[in-house]
Amino acid sequence: MTQGLNGTMDAVRADTEKTAAARKFKVEGYKFDGTMLSYTAVGAERSFVNTASYHGDTYESLIITKAGGKEFTTRQKGRRLGDCE
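**Let's talk about the sheet that holds strand 4 (residues 58–67)**
Read from one edge of the open sheet, five strands run 1-2-3-4-5, paired in antiparallel fashion. Strand pairing shows two members of the sheet lacking a second neighbour, strand 1 (26–32) and strand 5 (70–79), which therefore form its edges. Here the strands of the sheet are splayed against their neighbours by 10° on average, with no regard to which way each runs. Sheet analysis places strand 4 next to strand 5, joined by 10 bridges and oriented antiparallel. For Ala67, the partnering residue across the bridge sits in strand 5 and is Lys70. With respect to the sheet, helix 1 (residues 9–22) is in contact with strand 1 and strand 2 (36–42), its orientation differing from that of strand 1 by roughly 160°.

Shown next as structure tokens:
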């Protein structure tokens, strides 16, 4: 099991890069300061920019995906419900 966003900043970065690499993406411009996360993931046919902010047990993210000459925007909001099993 990975630590994901429940670990240290180094663990979060390692998990992000490992997940991206498994999907054949390279992570660029990674920044995480404990409340804000941003990075670009670049693949052969598409790329995306992920920006997320964390506030206590909630988060909001904006993902901009570029593929096939088009751009798609995804907004997410979530709330932590508890530890994963």
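**Details of the pattern of salt bridges**
Tallied over the entire structure, the rule returns three salt bridges. Salt-bridge contacts for Arg13 lead to Glu17; the nearest nitrogen and oxygen are separated by 3.0 Å. Of this pair, Arg13 and Glu17 both sit in helix 1, separated by four residues, roughly a single helical turn. Using a relative accessible area of 37% as the deciding quantity, one classes Arg13 as partly exposed. Residue Arg80 pairs with Asp83 through a salt bridge whose shortest N-O separation is 2.3 Å.

**Considering the packing of aromatic side chains**
This structure, assessed with the given rule, holds five aromatic pairs. Taking the centre distance of 6.0 Å and the plane angle of 20° together, the rings of Tyr30 and Tyr39 count as stacked. Take Tyr30: its relative accessible area is 11%, and that puts it in the buried class. Aromatic pair Phe32 and Tyr54: ring centres 6.5 Å apart, planes at 85°, arrangement edge-to-face. Within this pair, whereas Phe32 is found in strand 1, its partner Tyr54 is found in strand 3 (residues 46–55), the two being separated by 22 residues in sequence. The pair formed by Phe32 and Tyr54 is uniform in burial state, with each residue classed as buried. An aromatic cluster is defined as three or more aromatic residues linked by ring pairs; in this entry it consists of Phe25, Tyr30, Tyr39 and Phe48.

**A word on the side chain of Ser53**
Tracing the sequence through the fold places Ser53 in strand 3. Among the polar contacts made by the side chain of Ser53, one reaches the side chain of His55 at a distance of 3.3 Å. Those residues in contact with Ser53 that sit more than four places away from it in its chain are Thr35, Met36, Thr58, Tyr59 and Glu60.

Cut-offs and rules
- Residues numbered from 1 in each chain as written.
- Predicted model: local features only at pLDDT ≥ 70, side-chain atom pairs only at ≥ 80, totals over all residues.
- Heavy atoms only, no water.
- Pairing = 2+ DSSP bridges.
- Helix = DSSP H or I, 4+ residues; strand = E, 2+ residues; numbered from the N terminus.
- Axes fitted to C-alpha atoms, helices over the stretch in contact; angles between N-to-C directions.
- Contact = heavy atoms within 4.5 Å.
- Salt bridge = Lys/Arg side-chain N within 4 Å of Asp/Glu carboxyl O.
- Buried < 20%, exposed > 50% of the residue type's maximum accessible area, 1.4 Å probe, protein only.
- Phe/Tyr/Trp six-rings, centres within 6.5 Å; stacked < 30°, edge-to-face > 60°.
- Polar contact = N/O pair within 3.5 Å; in protein donor to acceptor, adjacent residues only side chain to side chain.

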